[in-house]
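Residue-level structural notes
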Amino acid sequence: MSSGEAPVTELEELEERARRAGPAFGEGAHILCDNLVRIYKTGGVEVVALQGLDLLIDRGELVAIVGPSGSGKSTLLNVLSGLDLPTAGVARVAGMDLLAMSAKDRLRYRRSIVGFTWQQTARNLLPYLTARENVLLPVRLAGRREHRGHADELLELLGVGACAGRTPMEMSGGQQQRVAIAVALANRPEVVLADEPTGELDSETSEEVFGALRAANRELGVTVIVVTHDPLVATQVDRTVGIRDGRTSSETLRRTSTEGEVIAEEYAVLDRVGRLQLPRDFTSALNMERRVRLELERDHIGVWPAGQGDGDE
Amino acid sequence: MPFTLLRAHRGTAAVLAVLAFSAALLLAALPRAFERAYDGALGRVLAGGGADLTDLTVELRAHPLDPPLTDPGQFAAFDARVRKALPPALRTVVVPGGTGHHGAWTYGTPVTGRVGERMWTGQFFDLAWLTGADRRVRYVEGAAPGPAGHVTLGGRDVVRYDVGVIREAASMMGLRVGTTLLLGPKGALAARVTGFYELTDPKDPFWDHNRGVTHVDVRHVGTSDQFWVTALTGPDALRFLKPDLDLRYTWVLGVDRTALTAGTAGDAAAAVDRYDRLLAGWSSGHSSYTLHTSLPLMLGGFLKQLATAGTLVLVVLGGLVLVAVGVVALAARLLTDRMAPALSLMRARGGGLARVAATGAAVAALAAVPAALLGYAAAFLVPGPLTPAAVLGPPVPALAAVAYPAVRLALTLRRPLRERRADVAARPSPRRVVAEVTVVVLALAGAYLLRTRGLADPSSGRADPFLMAVPAALTVAAALVTLRLYPYPLRLALRLAGRRRVVAFLGLARASGGGTAAPLPVLVLLPALAVAVFGSVVSGAIGETQQAAAWRQVGASARIEAETDIPPAAAARVRALPGVEEVLPVAEGVTHIGPGYRAVRVVAVDLAAYRRMTGGTPLTVPAPPDGTSGSAVPALVSPSLAGLGTFEIGWPVRRTVVARGTVGGLPGLAPAADEIVVVPYSVATRTGTAPFATMLLVRGDASRAALTAAVDTPQTLVVTVADAFGSITGGPMTGVVLAAFAVVTAALAAYALVAVVLALVAGAADRARALAYLRTLGLSRRQARGLTVVEIAPLIVLASLAGLLLGLALPAAVAPGVDLSPYAGQPVEGFPITVGTPALLAGGLAAAAVLGALAYATAGRAVTGVLRLGESA
């Protein structure tokens, strides 16, 4: 922005930058949330569950979403599965704008784009239907022709082929949850959302269930988002997104080093307007409150508690 | 899918099915049974009178200037004509044959002599030719009358008829076969007795029209007796019967009483009136046709009773519909709640709203509709005619069973995910408040309109549908108000209960929290109570009115009335009867007073004694007039006579009386329509003799037979309150109304219990969770039971209280349609309301409901089961 050159006005410069702008935010992402807001409002009382959440997930990714309870994980999942309507912002899945959809579109979306499982094992399956019938239920609800073979294939893929003729009562919790994943996959969705799929299970069974999700991700190329508390699950995905107070706060990326070691690197999330959530233990350790001082260094930005920094001056 | 869901929730579905069945059965069977009872009551009303009262009799008095009917063919032709002219409503009722017949008869034909025999005085010998009579008599002596002929008597040629007479006339009137009587003022014709007959069937209603043919009527005139009989003669006699014998021609149209039903009674009565006007327009020369029948009168009286009964039954059935719908909806709600997880999963997994709601409704329909059809079919086992109510009623609960889940699911599943957030409290929406206020205002406006405008047509014998809508709307309004207001008294009770008594505190807190405040149980309990209380109030009012009416008819415990003086000895005998506490002599007669020489009834009675005597009875007797004014007798007079001031009476002695006050009437002592003068009993003396009595009023319980025996005076009438009450309550319609109340009250009580248990079951999961939590904190099993009862009891008690109040208020609301006069046999003003029985009823029903809750709470359920229930629900 050197002022010595030709008289280029600020406005012109802005226009020029707009012309030069690369692809729009999240273009090409399979799942996009931009500044997503969800406010529950009943009888004049408001609860803000999502307060400007940003999230980008590519096609075929397997992502875990973690966060304390009440952070908005389940709300996010309900929005993405088309069960809940966000209040503001942008939510786009497989190119479909979740805010602009009519009720009919949303129904079609639920029938063909997403599949999901709830945390409570019992809630996912109808107790009086067999596993196979449960898998075929969404197919029937979508008004498609049922293929028994398809249901059996899915159950086989998820390792519960033997349970096809059993009702949920006759299955273990892990089997039920894997059947639930099969139900979620029944309509060949592009995205599967799982809310705490291993929440009610022991670690060994959790491993099986998560294995099933991973199988779906690899074999069928489905984008999978898992909301979890389970550290075991969190360490087995390539990317873990942390949510705090209705916003994405951190991301952990895992890669396998050349030595075959898994290296996890945790990042804080910087949003499009430059906002950053500092981890709470960092801020409390340094007694940072209300104001901090920032300093731009050559390769990083320093953050100092307000009082300390002032004292240095 | 519906079948799978039905199988999965078969228990709840069975409850719904049973309720739909019972509701359809009741709503289809009760109107039929009531209609049948109405028909039965009409049948008994009509059977109370002879065929001459119910049949239509067209009469023509022969006129001297008109040509007489001399040929049976003329009668038959006219018979066909009158039948053809019948209004359509009467064509099914008037049947050929039966008691129908026609003929000619003379009236009051004196016997003026006998041929060759000694003359008997005081004999009247009417002649009648009646079609069908010869088939109904059997000659036991002599033979049937032959053709008419002539005899020559003293140089005169006189027409001689052959006649047959009832057998008893032979001895009573000194007749034998061959006796020839000279008849008519001038002895212008002769009647030869050719035979004596007996009736083949004395009970044949045919004879109701021709009583003179069946027996010799003895009439006491002064000191002598008169003997009246009607003799049967042949068709040949028609040629010689002359109008100067007071000759009448009649055509009797037999009415089939069984063809008259409560439903057609109104039309038939109107048709008879129309027919009467039509016949009056026909004339035959100088005389005109008249229609004689008491049918409209009898039907009118019945229709008045029917209107009241119809109103009461309609209100009661309306309550039953409301309650049945409420209970069925409660069961449907339970079923919907049970299906909700599956259906919301279906909705979330891509089920369309219409499809998911239809699935839920289909499950309810599979349970309720066949059951309702079965109930409707079962109702055909109950004999009775099909009425609109019996057809329109049964589908209502079935419809409710299907509509409730459909609407509820459509509302709750409109959004695929309906997550209640505990941190967001719900508040009543303004729309709902406005809707509720609208219902309340509409109900009150309806009640106001009903009271001010009255009914569309109270005489039609059928109740106004508006009348049914108003109590139902009032009930719904009362339920809404109760639901809105009931937390407030509970919060007050909560404050009073304090925090020391943990069970009471927790129970009231849960109750007032609204967790269990399902509106449906209130919607069931409240109308159930209201209708039960209403029924009890009306039954009580009918009973009380009838009791009062019986007293008003008699005037004392018993009344002995004689045509002549009652001897003092007879009075003494009555006084000596066991059970008789007091006997009051009364003299009553008619005198003519004033310039108009108007007839007034004078009652000489000791009012002070009469007042003492009637203490504690429904009768009120005015106080005696005070003071005397010289020789004038102080008297109470009818208001219309009050202007006369001082006037003279001629009975029982000529005295001057002075009006000292007015009296509305003396029930039992004087007909209500008469103008009366009440004078002290001391006036009742025949000149120079001891006081006399024409009437004895008795206090105490002595039977009519005992009193009649004690009086032992001819021509006395003895009436007792017990007899009068018996004849009033024996009215056929009273039983129908009381039975209706009893049946419906029983059904309502059963439904109320079912509603309470269903409400408990519906809230079971929530309650079980709370109890499981409290149990882990140290609540004992006993306290847990107590908690359940304390939680549910306030709702029951408050709903019962509201129901009681509504039930007491309903009679006032429907008063324009409920006239108890037809049941009391005299006009009744107002509506006596007693609180005792209804309050007991309400208390009993509430207690039964609470006990039901207790029984439910006590029914053993293991703690672990409760805990599991708490987790999985």
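Fair warning: this is a prediction, and the values are worked out from it, not measured in the lab.

With that settled, the discussion passes to the sheet that holds strand β11 (residues 262–268) of chain A. Residue and element names in this part refer to chain A. On the basis of which strands lie adjacent, the open sheet formed by seven strands has the order β6-β7-β8-β3-β9-β10-β11 and mixed pairing. Each end of this open sheet is capped by a strand with a single partner; those strands are β6 (114–117) and β11. Ignoring which end each strand starts from, the neighbouring axes of this sheet average 20 degrees apart. Examined bridge by bridge, strand β3 (residues 62–66) and strand β8 (residues 223–227) share four bridges and lie parallel to one another. In the strand pairing of β8, alanine 64 is matched with valine 226.

Taken as a whole and judged by the stated rule, the model has 30 salt bridges over all chains. For the salt bridge of aspartate 105 of chain A with arginine 108 of chain A, the shortest nitrogen-to-oxygen distance reads 2.9 Å. Remark: arginine 108 of chain A and aspartate 105 of chain A occur in helix α3 (residues 103–112); sequence separation between them is three residues, near one turn of the helix. Note on aspartate 105 of chain A: relative accessible area 23%, which makes it partly exposed. Among the ionic pairs, aspartate 52 of chain B bridges to arginine 211 of chain B, the shortest N-O distance being 3.0 Å. One end of the pair, aspartate 52 of chain B, is in helix α3 (residues 51–54); the other, arginine 211 of chain B, is in helix α7 (residues 211–214), and 159 residues separate them in sequence. A residue is classified by how much of its surface remains accessible, and aspartate 52 of chain B, at 25% relative accessible area, is partly exposed.

Okay, unusual backbone geometry next. Residues and elements named next belong to chain A. Phi is positive for glutamate 196, which is not a glycine, with a value near 45 degrees. Using a relative accessible area of 6% as the deciding quantity, one classes glutamate 196 as buried. A positive phi angle, near 50 degrees, is found at aspartate 245, a position not held by glycine. The residue aspartate 245 is located in the loop between β9 (239–244) and β10 (247–256) in this model.

Residue and element names in this part refer to chain B. By the criterion of burial, strand β4 (residues 123–130) is predominantly enclosed, with eight of the eight residues buried. Residue alternation in β4 divides its side chains into two sets, Gln123, Phe125, Leu127 and Trp129 and Phe124, Asp126, Ala128 and Leu130, and both sets are buried. In terms of strand pairing, strand β2 (residues 101–106) meets β4 through three bridges, oriented antiparallel. Bridging from a neighbouring strand, tryptophan 105 pairs with alanine 128 of β4. Both β4 and strand β11 (residues 224–233) contribute to a ladder of six bridges, which runs parallel. Bridging from a neighbouring strand, phenylalanine 124 pairs with tryptophan 228 of β11.

This part covers the domain arrangement of chain A. Looking at the assigned domains, one finds that chain A contains domain 1 (58–88 + 99–268) and domain 2 (280–312). Relative to domain 2 of chain A, the C-alpha centre of domain 1 of chain A lies at a distance of 40 Å.

Let's shift gears to the sheet that holds strand β23 (residues 716–720) of chain B. Hydrogen bonds between backbone atoms are what pair the strands of a sheet, whose relative direction is either parallel or antiparallel. Residue and element names in this part refer to chain B. Read from one edge to the other, the open sheet built from nine strands follows the order β19-β20-β18-β21-β17-β16-β22-β15-β23, with strand pairing classed as mixed. With one partner strand each, in any of the chains shown, β19 (646–649) and β23 form the two edges of the open sheet. Mean inter-strand twist for the sheet, computed between neighbouring axes without regard to direction, equals 30 degrees. On top of the sheet, helix α18 (residues 568–576) reaches β15 (558–562), β16 (580–593) and β22 (695–700); it is set at about 145 degrees to β16, its chief contact. Strand contacts of helix α20 (residues 704–711): β15, β16, β22 and β23, with the helix running at about 150 degrees to β23, the strand carrying the most contacts.

Attention now goes to the environment of isoleucine 31 of chain A. The residue isoleucine 31 of chain A is located in strand β1 (residues 31–42) in this model. In contact with isoleucine 31 of chain A, not counting residues within four places along its chain, are Leu55, Leu56, Ile57, Leu80, Arg92, Val93, Val191, Thr223 and Ile225 of chain A.

Ranked by size, the top nonpolar core spans 208 residues in total, and within it Leu76 of chain A together with Leu16, Leu56, Phe125, Tyr161 and Val165 of chain B carry the most contacts. Per-element accounting of this core gives the leading share, 29 residues, to helix α9 (residues 295–348) of chain B. Filtering out sequence-adjacent residues up to four positions away, leucine 16 of chain B remains in contact with Val328, Ala331, Ala332, Leu335, Ala364, Ala367, Ala368 and Ala401 of chain B. Ranked by size, the runner-up nonpolar core spans 38 residues in total, among them Val637, Val653, Val683 and Leu707 of chain B.

The rules we used
Per chain, residues are indexed from 1 in the order of the written sequence. The order in which chains are written sets their letters, starting at A; the order in which ligands are written sets their numbers, starting at 1. For a predicted model such as this one, the threshold for reporting local features is a pLDDT of at least 70, and the threshold for listing and counting side-chain atom pairs is 80 or more; totals across whole chains, interfaces and linings nevertheless cover every residue. Note that water and hydrogens are dropped before the side-chain values are worked out from all heavy atoms of the structure. Only strands that DSSP links by at least two bridges are regarded as paired with each other. A run of H or I in DSSP counts as a helix once it spans at least four residues, and a run of E counts as a strand once it spans at least two, with each numbered from the N terminus. Orientation is described by lines fitted to C-alpha atoms, with helices fitted over the stretch in contact, and by angles between N-to-C directions that extend from 0 to 180 degrees. Counted as salt bridges are all cases of a side-chain nitrogen of Lys or Arg within 4 Å of a carboxyl oxygen of Asp or Glu. A simple rule labels every residue: compare its accessible area, found with a 1.4 Å probe on the protein chains alone, to the largest value its type can have, and call it buried under 20%, exposed over 50%, or partly exposed in between. An automatic or database domain assignment supplies the residue ranges for each domain. Note on contacts: a residue pair is in contact if any heavy atoms of the two residues lie within 4.5 Å. Nine residue types can take part in a nonpolar core, namely buried Ala, Val, Leu, Ile, Met, Phe, Trp, Tyr and Cys, and a core is a set of them joined through side-chain atoms within 4.5 Å.

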